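In case you want the letters, here they are:
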Amino acid sequence: MSDDQHAGDDVRPTVQPPSGSSSGETPAKPDDASWLTEQEGPVTGRAAGIGITLLLFALLVVSWFVQLSFALQGEFGPSEDRLSGGGMLGGFILGAVIAIAPPVVTLVLQAKVHKRTPRYSIIAAIGAISVLVIAVPVNAVVVGLQAVSLASGR
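Everything in this summary refers to the structure shown in the same document. The numbering scheme is per chain: residues are counted from 1 as the chain's sequence reads. Local features in this predicted model are restricted to residues of pLDDT 70 or higher, and side-chain atom pairs are both shown and tallied only at a pLDDT of 80 or more, whereas totals for entire chains, interfaces and linings draw on every residue. Side-chain metrics rest on all non-hydrogen atoms present in the structure, leaving aside hydrogens and water.

To continue, consider the packing of helix α3 (residues 46–76) against helix α5 (residues 123–152). Every axis corresponds to a line fitted to the C-alpha atoms, with the helix fit spanning only the stretch in contact, and the corresponding angles, defined between N-to-C directions, vary from 0 to 180 degrees. In DSSP terms, a helix is any run of H or I states spanning at least four residues, a strand is any run of E spanning at least two, and both are numbered starting from the N terminus. For the pair α3 and α5, the least separation of the axes is 8 Å and the interaxial angle reads 10 degrees. Judged by the angle between their axes, α3 and α5 are roughly parallel. Taking contact as the criterion, the partners of R46, G49, I50, I52, T53, L56, F57, L60, W64 and Q67 in α3 are, on α5, I123, A124, G127, A128, S130, V131, I134, A135, V138, N139 and V142. Each residue gets one label: Ala, Val, Leu, Ile, Met, Phe, Trp, Tyr, Cys and Pro are nonpolar, Asp, Glu, Lys and Arg are charged, and the others, such as Gly, are polar. Among the residues forming the contact of α3 with α5, the class breakdown is 14 nonpolar, six polar and one charged. Roughly parallel covers angles under 35 degrees, roughly antiparallel covers those over 145, roughly perpendicular covers 65 to 115, and oblique covers all other angles. The contact criterion used throughout is that any non-hydrogen atoms of two residues lie within 4.5 Å.

A cluster of nonpolar side chains, contributed by F57, V61, W64, F65, L68, L72, F76, I129, V133, I134 and V138, occupies part of the molecular surface with about 1000 Å² of accessible area. At the level of elements, α3 and α5 are the ones that each hand at least two residues to the nonpolar patch. At seven residues, α3 tops the list of elements feeding residues into the nonpolar patch. When you line up the elements, L72 lands in helix α3. The residues that make up patches have over 30% relative accessible area and no salt bridge, and they are joined within 9 Å when like-charged or within 5 Å when they are Val, Leu, Ile, Met, Phe, Trp or Tyr. Computed with the Shrake-Rupley method and a 1.4 Å probe, the accessible areas treat only the protein chains shown as cover for residues. What makes a salt bridge here is a side-chain nitrogen of Lys or Arg within 4 Å of a carboxyl oxygen of Asp or Glu, nothing more.

Definition used in this section: a nonpolar core is a set of buried Ala, Val, Leu, Ile, Met, Phe, Trp, Tyr and Cys residues joined via side-chain atoms within 4.5 Å. For every residue, the accessible area obtained with a 1.4 Å probe (protein chains only) is divided by the maximum for its type, and the residue is called buried under 20%, exposed over 50%, and partly exposed between those limits. If you look at the biggest cluster of nonpolar residues, it comprises six residues: L56, L60, A99, A128, V131 and A135. For this core, the elements supplying multiple residues, two or more each, are α3 and α5. If one sorts the elements of this core by residue count, α5 sits on top with three residues. Core analysis: the second largest hydrophobic core is formed by five residues, M88, L89, F92 and V143 among them.

Among the secondary structure elements, L83 is positioned in the loop between α3 and α4 (85–116). Taking the relative accessible area as the measure of exposure, L83 reaches 24% and is therefore partly exposed. Note: C-alpha distance between L83 and F70 (13 residues apart in sequence) is 7.7 Å. Look past the residues within four positions of L83 in its chain and what remains in contact with it is F70, Q73, G74 and M88.

Moving on to α3. How far a helix is expected to stretch is found by multiplying one less than its residue total by 1.5 Å. Its 31 residues give α3 an end-to-end C-alpha distance of 45 Å, which sits within 8% of 45 Å, the value for a rise of 1.5 Å per residue. Of all the residues in α3, the buried ones are G49, T53, L56, L60, S63, V66, Q67 and G74. Where α3 is buried, its residues contact α4 and α5.

In this section: the side chain of Q146. In this structure, Q146 sits in helix α5. Once residues lying within four places of it in the same chain are set aside, the contact partners of Q146 are G85, M88, L89 and F92.

Mapping S121 onto the fold places it in the loop between α4 and α5. We call two N or O atoms a polar contact when they sit within 3.5 Å, provided that within protein one can donate a hydrogen and the other can accept it, with sequence-adjacent residues counted only if both atoms are side-chain atoms. Here I123 takes part through its backbone nitrogen, which lies 3.3 Å from a polar atom of the side chain of S121. When neighbours within four sequence positions are excluded, S121 is seen to be in contact with V43, T44, G45, R46 and Q110.

Here we take up the packing of α4 against α5. At a minimum axis distance of 9 Å, the contact between α4 and α5 shows a crossing angle of 160 degrees. The angle between α4 and α5 falls in the class roughly antiparallel. Classified by chirality, the crossing of α5 by α4 is left-handed. Tallied by class, residues from the contact of α4 with α5 come to 22 nonpolar, seven polar and no charged. If you view the pair so one helix is near and one far, a crossing is left-handed when the near helix is turned anticlockwise from the far one by less than a right angle, and right-handed when it is turned clockwise.

What follows is the structure in structure tokens.
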């Protein structure tokens, strides 16, 4: 064998046995390969999910400040500018909407994106659920107490 023939063997690509060969390995079925392709690969949307989660928590804090400002204006404002019970209730409802509506919208949008792209990160959905777990009970108590106070005539 000459050197030219031997040098050509090193650069030749390896050949896989045909699917009908008895090499001991069973080839993957086409539907198995498509399942692996969908499950493997990079997860997208992590940075966006973290940003959305931080924004949702910031909106939760903003809603508390809105409610606090309405409560302070109703209790300690100048007598001619004090809010009535209905005005305070409206402010508390506004704060509740600021805290609850964005996480609900986020959950709906994340469900659509995750359905279309299964490898999309669910960080934003987890953040939205966390904010809702905090915001719904707190706002239910705040708005409920103000509504009871308004109904009782205090």
